[in-house]
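Fold and geometry: a report
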Amino acid sequence: MPKQSDPTLLMNLHEFLVYGRKRPTTAHPDPTVICLRVFAKNSVFAKSQYWKISSQLHKFKRTQGEILKVHQIHEKNTTSAKNYGILFRYRTRTGQCNAFKEFRAVSLQHAITQLYCEMGS
């Protein structure tokens, strides 16, 4: 009998595109729209990740900006397994490290879930 996997161990991450921008002011009436691809459990966590990344990369916080749209991405073909290569950065005791890992999965969401589970152990 095959071993059953525990459903509570799956993170069920989804892929979101979050569109946001700085609030329009009199000095800048038409700010540029910033689109980020975020992996999160739901749209609330995706918005939170957007603000975390935009404060680091684009130097504006939640009070200075607004979210225009949150769009969940669904993969079209999930019938065959593919190889995914993921380049990521993680924090260690001595500093930041860049790493690259390859995963074989049915979709990109499953590959990211495998990455989170592997890096968490």
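The preceding data block contains the structure.
Described below are features of the structure shown in this document. In this text the structure is predicted, and so the values were computed from the model without any measurement.

1. A closer look at the overall build of the protein chain
Helix and strand counts for the protein chain come out as 2 helices and 5 strands. From first element to last, N terminus to C terminus, the protein chain shows the α and β order β-β-α-β-β-β-α. Since a compact globule built from 121 residues should have a radius of gyration of about 14 Å, the 18 Å found for the protein chain marks it as more spread out than a globular shape. A principal-axis box enclosing the C-alpha atoms of the protein chain has dimensions of 65 × 40 × 25 Å. Residues classed as buried in the protein chain amount to 26% of the 121 residues present. Taking as baseline every contact in the protein chain between residues at least 6 positions apart, the subset at least 24 positions apart corresponds to 52%. Surface summary for the protein chain: the accessible area is close to 9200 Å², and the carbon and sulfur share equals 53%. Of note, the protein chain has its 19 positive side-chain charges centred 7 Å away from the centre of its 7 negative side-chain charges.

2. A look at helix H1 (residues 43-57)
Its 15 residues place the ends of H1 21 Å apart at the C-alpha level, agreeing with the 21 Å of an ideal helix rising 1.5 Å per residue. Within H1, the full set of buried residues consists of Ala46, Tyr50, Trp51 and Ser54. What you see down the axis of H1 is that its buried residues fit within an arc of 140°, all on one side. Along H1, exposed side chains directed more than 90 degrees from the buried face belong to Val44 and Gln56.

3. Structural notes on the sheet that holds strand E2 (residues 33-40)
Strands sit in the order E2-E1-E3 across an open sheet of 3 strands; the sheet is antiparallel. Across the chains shown, the open sheet's two edge strands, defined by having one partner strand only, are E2 and strand E3 (65-73). In this sheet, neighbouring strand axes are inclined to one another by 25° on average, regardless of whether the strands run parallel or antiparallel. Where strand E1 (residues 14-22) meets E2, 8 bridges bridge the pair, whose relative direction is antiparallel.

4. A closer look at helix H2 (residues 108-120)
With 13 residues, H2 should cover 18 Å at 1.5 Å per step; its first-to-last C-alpha distance of 18 Å lies within 8% of that length. Along H2, the positions that sit buried rather than exposed are Leu108, Gln109, Ala111, Ile112, Thr113 and Leu115. Packing partners of the buried residues in H2 comprise E1, E2, E3, strand E4 (82-91) and strand E5 (96-105).

What counts, and at which threshold
Residues numbered from 1 in each chain as written. Predicted model: local features only at pLDDT ≥ 70, side-chain atom pairs only at ≥ 80, totals over all residues. Heavy atoms only, no water. Helix = DSSP H or I, 4+ residues; strand = E, 2+ residues; numbered from the N terminus. Rg over C-alpha atoms; globule rule 2.2 N^0.38 Å. Buried < 20%, exposed > 50% of the residue type's maximum accessible area, 1.4 Å probe, protein only. Contact = heavy atoms within 4.5 Å. Areas by Shrake-Rupley, 256 points an atom, 1.4 Å probe, with all protein chains shown as cover. Lys, Arg positive; Asp, Glu negative; His and termini not counted. Charge placed at Lys NZ, Arg CZ, Asp CG, Glu CD. Expected span 1.5 Å × (residues − 1). Arc of directions from axis to C-beta. Pairing = 2+ DSSP bridges. Axes fitted to C-alpha atoms, helices over the stretch in contact; angles between N-to-C directions.

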